[in-house]
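Commentary on secondary and tertiary structure
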Amino acid sequence: MISIEAAQRTILAYIAPLETEKVSVFQGLNRVTPEDHIAPWDIPPADNSAMDGYAFCSQSAQGGKRLRVTGFLPAGEARSAPVPPGEAIKIMTGAPLPPGCDTVVPIEDVKLDGDWLEIGPEVASGAHIRQRGEDIQCGKVVIAAGSLLRPQETGMLSAMGTTSVAVHRKARIAILSTGDELLEPGSTPAPGKIINSNSYTLAAQVLEAGGDPVLLGIAQDTLEGTCEKIKAGMNADFLVITGGVSVGDRDYVKLAIEKLGGSVTFWKVDMKPGKPLAFAVLEGKPVFALPGNPVAAMVSFELFVRPSILKAMGHRRLFRPTVKALMQEPVANEGARPHLMRGIVSRHGDSYHVSTTGNQSSGRLSSLIQGNGLIRLAPHASLVPGDAVEVMLLDRGFEMEEID
Ligand code: AMP
Ligand code: MG
């Protein structure tokens, strides 16, 4: 049995970044670009007005002189004729500063008397000008290789004239549920049957990680049935299987992987929930065989599959954040494995509080509906209220301000 961290290291060592594809800048959102993006021009391309106002040469306006307004320059136009000393032009925000001008005063700071502009005695030379290249200089790397493309990178790429961008392609993750007891959603469970929920939890987790899920349906609990379905998943990048990986009479997943020529690297991880968890390589592809219990399946995906998808898609931040939180109730881990308990985390000023979701049976998916974090309780640990404990945050939505 190996530790969570050793399992993560072993798995991640098998995961290489996927090749890249060119997509439209919009489709690049939340993906990672493997290329440096270099500014092809200065942004802004010329000195320009930061305000709707009047542009002139500051020297000719010192001491409260009146300036004659002789022109108008809206955004979108450029003027090459110099503005002579003693004159000003009306200029709109974003219009390039014409020759002969070095200063803008905003409309609201001046008085106009016919064509004559009255400005105060103090004119700050260079005021209200945005300098050419003050945002981005031509030739500079603006977005470095390995960057995650967020809305601001989308805008910056567009400002650099880019319409398509190279990103790591999406990981295609085949998902297979196993079990004779499973029916697909849309039916009412007959005696002895339950609905396959894991396929959909896992598919949603794949989507949330930025990958593309491929649903393979349900394999019956036979060696042949399991082999057939596994083969069908071999054109994806990874295969994720749930159930059938334990030591039950009808647990065929490990056997099927081996029969197809795969090598199982490990099949037990020192954790609760989720001990029976196999990682294998089949035809060069990672295969994750997760436990069937809904909580164990989701938690093991979080710990092992999600970081792998992120790595394959070029991300460098692979793990959820963890915080130290103050336990709000007594908890104990009587077992010899680290226990990942479902927790409800909240924030109180600078500190986090956490309580458990109650019953921690790994079949109770509802515990993950209530919870937003995984409390990591060391083997044989016993905590009293106020003790600090490490919690992995599954989502940070709780830190957002809620409306009344
Ligand atoms: P197994 O690991 O196959 O023995 O399954 C462990 C438990 O998880 C059993 O109670 C199964 O019925 C349940 N289970 C397995 N697969 C699924 C699934 N796809 N959706 C919901 N529950 C499942
Ligand atoms: Mg089963």
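Every value quoted in this text rests on a predicted model; they were computed, and no experiment measured them. (Residues numbered from 1 in each chain as written. Chains lettered and ligands numbered in written order. Predicted model: local features only at pLDDT ≥ 70, side-chain atom pairs only at ≥ 80, totals over all residues. Heavy atoms only, no water.)

Considering the overall build of the protein
- Check the secondary structure of the protein and you find seven helices and 29 strands.
- Taken over C-alpha atoms, the radius of gyration comes to 31 Å for the protein, far larger than the 22 Å a tight globule of 404 residues would show.
- Each of the three principal axes of the protein carries a C-alpha extent, and together these read 95 × 50 × 40 Å.
- The buried share of the protein, taken over its 404 residues, is 45%.
- Sequence separation of 24 or more characterises 70% of the internal contacts of the protein that already satisfy a separation of 6 or more.
- As displayed, the protein offers around 19400 Å² of accessible surface, 52% of which is attributable to carbon and sulfur atoms.
- The positive charge centre, built from 38 side chains, and the negative charge centre, built from 45, are 5 Å apart in the protein. (Helix = DSSP H or I, 4+ residues; strand = E, 2+ residues; numbered from the N terminus. Rg over C-alpha atoms; globule rule 2.2 N^0.38 Å. Buried < 20%, exposed > 50% of the residue type's maximum accessible area, 1.4 Å probe, protein only. Contact = heavy atoms within 4.5 Å. Areas by Shrake-Rupley, 256 points an atom, 1.4 Å probe, with all protein chains shown as cover. Lys, Arg positive; Asp, Glu negative; His and termini not counted. Charge placed at Lys NZ, Arg CZ, Asp CG, Glu CD.)

What about the site of ligand 1?
- Ser177, Glu181, Asn196, Gly244 and Gly292 are the nearest of the 15 residues found near ligand 1.
- Measuring from a nitrogen atom of ligand 1, one finds a side-chain N or O atom of Ser177 at 3.1 Å.
- Between Gly244 and ligand 1, the recorded distance is 2.8 Å, taken from a backbone N or O atom to an oxygen atom.
- Burial of ligand 1 by the protein chains amounts to 75% of its free accessible area of 480 Å².
- Listed by contribution, the elements that provide at least two residues to the shell around ligand 1 are β15 (172-178) and β17 (194-195).
- Considering only residue class, the shell around ligand 1 consists of four nonpolar, ten polar and one charged. (Near = heavy atom within 4 Å. Polar contact = N/O pair within 3.5 Å; in protein donor to acceptor, adjacent residues only side chain to side chain. Nonpolar A, V, L, I, M, F, W, Y, C, P; charged D, E, K, R; others polar.)

Things to note about the pairing of strand β8 (residues 103-106)
- Of the two faces of β8, the one carrying Thr103 and Val105 and the one carrying Val104 and Pro106 are both buried.
- Examined bridge by bridge, strand β5 (residues 53-56) and β8 share four bridges and lie antiparallel to one another. Bridged to Gly53 within β8 is Pro106. (Pairing = 2+ DSSP bridges.)

As for the side chain of Arg342
- Looking at where Arg342 falls in the secondary structure, it is placed in strand β25 (residues 339-348).
- Comment: no salt bridge for buried Arg342; closest opposite-charge side chain is Glu329, at 12 Å.
- Polar contacts involving the side chain of Arg342 include one to the main-chain carbonyl oxygen of Leu340, which spans 3.1 Å.
- A distance of 2.7 Å separates a polar atom in the side chain of Arg342 from the backbone oxygen of Gln360. (Salt bridge = Lys/Arg side-chain N within 4 Å of Asp/Glu carboxyl O.)

What to know about the packing of helix α3 (residues 198-208) against helix α6 (residues 294-312)
- With their axes 10 Å apart at the nearest point, α3 and α6 run at an angle of 25° to one another. When the axes of α3 and α6 are compared, the pair comes out roughly parallel. The hand of the α3/α6 crossing is right-handed. Side by side, α3 and α6 meet where Asn198, Thr201, Leu202, Gln205, Val206 and Glu208 of the first sit next to Pro294, Ala297, Met298, Phe301, Glu302, Arg306 and Ile309 of the second.
- Its residues assigned to classes, the contact of α3 with α6 shows seven nonpolar, three polar and three charged. (Axes fitted to C-alpha atoms, helices over the stretch in contact; angles between N-to-C directions. Parallel < 35°, antiparallel > 145°, perpendicular 65-115°, else oblique. Left-handed = near helix turned anticlockwise from the far one by under 90°.)

Details of the pairing of β5
- As paired elements, β5 and strand β7 (residues 87-91) share three bridges and run antiparallel to each other. Bridge pairing in β7 places Ala55 opposite Ile89.

Looking at the domain arrangement of the protein
- You can read the domains of the protein as domain 1 (4-17 + 170-312), domain 2 (21-42 + 140-168), domain 3 (48-130) and domain 4 (322-393).
- A C-alpha centroid distance of 37 Å is found between domain 2 and domain 3. (Domains from an automatic or database assignment.)

Regarding the packing of aromatic side chains
- Under the criterion given, the structure shown has five aromatic pairs.
- An aromatic cluster is built from Tyr14, Phe238, Phe266, Phe279 and Phe288, whose rings are joined through pairwise contacts.
- Over the ring of Trp267 we find Lys254, and its NZ or CZ is 3.6 Å from the ring centre. (Phe/Tyr/Trp six-rings, centres within 6.5 Å; stacked < 30°, edge-to-face > 60°. Lys NZ or Arg CZ within 6 Å of the ring centre and 35° of its normal.)

A few points about the sheet that holds strand β19 (residues 238-242)
- In spatial order, the strands read β18-β15-β19-β22-β21-β20; together these six strands make up an open sheet with mixed pairing. Both outer strands of the open sheet, β18 (212-219) and β20 (263-268), are each paired with one neighbouring strand and no more. Geometrically, the sheet is characterised by an average inter-axis angle of 15° between neighbouring strands, direction not taken into account.
- Two strands pair when backbone bridges link them, and β15 and β18 are joined in this way by six bridges, in the parallel orientation. Residue pairing in the sheet places Ile173 in a bridge with Pro213 of β18.
- Sheet contacts for α3: β15, β18, β19 and β22 (285-290); angle to β18, the most-contacted strand, approximately 165°.

Quick word on the packing of helix α1 (residues 4-14) against α6
- Running from amino to carboxyl end, α1 crosses α6 at an angle of 30°, the nearest separation of the two axes being 10 Å. Comparing the axis directions of α1 and α6 gives the class roughly parallel. Along this stretch, α1 crosses α6, giving a crossing that reads as right-handed. Between α1 and α6, the residues in contact are Ile4, Ala7, Gln8, Ile11 and Leu12 and Leu303, Phe304, Pro307, Ser308 and Lys311, respectively.

What about the sheet that holds strand β23 (residues 322-327)?
- Strand order in the closed barrel formed by five strands is β23-β26-β25-β27-β29, with mixed pairing between adjacent strands. Here the strands of the sheet are splayed against their neighbours by 50° on average, with no regard to which way each runs.
- Note: β25 against strand β26 (residues 351-356), six bridges, orientation antiparallel. Its bridge partner lying in β26, His348 is registered against Ser351.
- Of the strands in this sheet, β25, β27 (373-377) and β29 (388-393) are in contact with α6, which crosses β25 at around 70°.

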